[in-house]
Amino acid sequence: MAAATWRYRGDPEAERPAALVRFANGKLQHPDSLRFTVYRNRDTAHPRKRHRRILVSETERLCYVGHNFGSEVMKCNSLCRYFVGVLDKNSGQMEVYNAEIFNMQPLLSDNLIPDDTKDYQTKSYREKMDLCIEAFGTSKQKRALSSRRMNAVGNDIVSTAVTKAAANVIDAKGVTALMQDVAQDDVQNISAFLPPCHEDVDRPEHVYKFEDILSPAEYEALRVPAATLANITAEELAKGAEERSHCSFVLEELKFLPTDEKSRDHKARCLWFLDTLIKFSHLKVIKKKHPMGPECPHIISRKLMKSFTSLTYNNGSIQNLISASMKAKITAYVIVLALHINNFQTDLTVLQNDMKLPESRILDVAKALRLRVSKAKGGPGLEDDQNHKLGTLSLPLPTQKAPEGQRKRKKMN
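Along each chain, the written sequence defines residue order, and numbers are assigned to residues from 1. Local features in this predicted model are restricted to residues of pLDDT 70 or higher, and side-chain atom pairs are both shown and tallied only at a pLDDT of 80 or more, whereas totals for entire chains, interfaces and linings draw on every residue. Each side-chain value is derived from all of the structure's non-hydrogen atoms; neither hydrogens nor water enter the calculation.

Relative to the elements of secondary structure, Phe136 occurs in helix H3 (residues 125-136). In the structure, Phe136 is positioned 82 residues away from Ile54 in sequence and 9.3 Å away in space, judged by C-alpha atoms. Strands here are runs of E lasting at least two residues and helices are runs of H or I lasting at least four, both read from the DSSP assignment and numbered beginning at the N terminus.

Structure (structure tokens):
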């Protein structure tokens, strides 16, 4: 057993200024030629970590490392106290120091080249941190590192397998057939965002119930903001058309408000909510708590955020996003609300222009809603000779069919 003494940097009055070292693989022939380096934990406030030490020594043939913590620590340090005495031969006095026993283990590595740091300097920050965890990390950190590396290998294997499988499918089916399948899947995905459909009914207004679009509480909350539309004058209507403060569909329907007060109020509420839905669909990422302004009732704002947005994680925070699927859902609710306003026949092309959608998109939603689509000319906001599409909800509902030229795909179990 050999003794080594040192002073800690910045801590000349340390409690453990000396160490007793024992080499696990035998005795040293020239122990006086050894030099030791000590490392201590930087967390001096932690009652346990502040006493952790790592002792390192190097000979011509091997490197040795000893710890006073972890699984390799010697139990005798907790059972006994050790002291080292340094005798001054001139005065005959001895100074006594507290000491610990370190069991020095040889550090073996087949690829260790002490003087070659070129490879280390080229490593990324993550790779350097992984090396530190391997050498000095806790058991929990080492398990997490091992798990992360296993997951990375698994992801590479899965990615390679998926790429190979995709290539095989493309070779087998061809690009044209795959594009047709994607178009069919797109229509099927739209169906998942439609309002509840009641097929076994005797009247069109019961197929998509008004209560599924607006609950009684939501409908009541529209009374105050819709009063402006219910009492709109011809001058205000002309100004709104010039400033485009409302969508074309709403501006046209405001010209034909019923004279009956109850019916007029009902239509104004429906138009106000439809106009709000269309304006909401033009947004992408919702950054405000009340995106439609303070005049929008709280219950309506909550409905828009909860029913027509998707949660996404970006730059460390959760955001509300109007994704493509959510825009399809808004389109479906707008069409159904327009059907209730217009006696279950509505101009799809006007709604398409208001929502800034391609014609194929709104027709896909209309067909998924089981509407009968017909052609006509003229109409509000369109040229007299411009063809536009009318959507009609009538009973019995047309059966849903796969697009022509495609066979129905089988479900995979």
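Back to the write-up after that little detour.
Turning to the packing of helix H13 (residues 324-341) against helix H15 (residues 359-368), a few remarks are in order. Interhelical geometry of H13 versus H15 gives an angle of 65° and a closest axis separation of 10 Å. By crossing handedness, the relation of H13 to H15 is classed as right-handed. Between H13 and H15, the residues in contact are Ala324, Ala328, Thr331, Ala332 and Ile335 and Arg361, Ile362, Val365 and Ala366, respectively. Note that Gly is not counted as nonpolar here; it falls among the polar residues with everything else outside the nonpolar set of Ala, Val, Leu, Ile, Met, Phe, Trp, Tyr, Cys and Pro and the charged set of Asp, Glu, Lys and Arg. Of the residues contributing to the contact of H13 with H15, the split by class is seven nonpolar, one polar and one charged. Note on method: axes are straight lines fitted to C-alpha atoms, helices fitted across the in-contact stretch only, with angles between N-to-C directions ranging 0 to 180 degrees. Handedness of a helix crossing follows the sense of rotation of the near helix relative to the far helix, less than a right angle counterclockwise being left-handed and clockwise being right-handed. The contact definition used throughout considers only heavy atoms, calling two residues in contact when any of these lie within 4.5 Å.

Pairing of aromatic rings covers Phe, Tyr and Trp, the last counted by its six-membered ring, and requires centre-to-centre distances within 6.5 Å; plane angles under 30 degrees mean stacked, over 60 mean edge-to-face, and any other angle means tilted. Under the definition given, this model contains three aromatic pairs. A ring pair is formed by Phe23 and Tyr64, whose centres lie 4.9 Å apart and whose planes are at 85°; its orientation type is edge-to-face. Separated by 41 residues along the polypeptide, Phe23 in strand E2 (residues 18-23) and Tyr64 in strand E5 (residues 63-67) bring together distant segments of the chain. The buried label goes to any residue with under 20% of its type's maximum accessible area, the exposed label to any with over 50%, and the partly exposed label to all in between, with areas taken from a 1.4 Å probe on protein chains only. Note on Phe23: relative accessible area 10%, which makes it buried. Considering the side-chain rings of Phe210 and Tyr219, the 5.8 Å spacing of their centres and the 85° angle between planes classify their relative orientation as edge-to-face. The rule is short: NZ of Lys or CZ of Arg within 6 Å of the ring centre and within 35 degrees of the ring normal puts a charge over the ring. The aromatic ring of Tyr219 is capped on one face by Arg269, whose charged end is 4.5 Å from the ring centroid. Positioned above the aromatic ring of Phe308, the side-chain terminus of Lys329 is 5.5 Å from the ring centre.

A separate point is the environment of Leu251. Within the element layout of this structure, Leu251 appears in helix H10 (residues 248-253). On a C-alpha basis, the gap between Leu251 and Ala241 in space is 6.7 Å, while along the polypeptide they are ten residues apart. Apart from residues lying up to four places away in sequence, Leu251 is in contact with Leu237, Gly240, Ala241 and His246.

Like charges within 9 Å and nonpolar side chains (Val, Leu, Ile, Met, Phe, Trp, Tyr) within 5 Å are joined into patches, using only residues over 30% in relative accessible area that form no salt bridge. Exposure was quantified through the Shrake-Rupley algorithm and a 1.4 Å probe, taking into account, for residues, occlusion by the shown protein chains and nothing else. A side-chain nitrogen of Lys or Arg and a carboxyl oxygen of Asp or Glu constitute a salt bridge if their distance falls within 4 Å. On the surface, Phe83, Leu87, Met94 and Val96 cluster together into a nonpolar patch covering about 420 Å² of accessible area. Secondary-structure elements contributing two or more residues to the nonpolar patch are strand E6 (82-87) and strand E7 (94-107). Within the fold, Met94 resides in strand E7.

Purely geometric numbers; function is a separate question.
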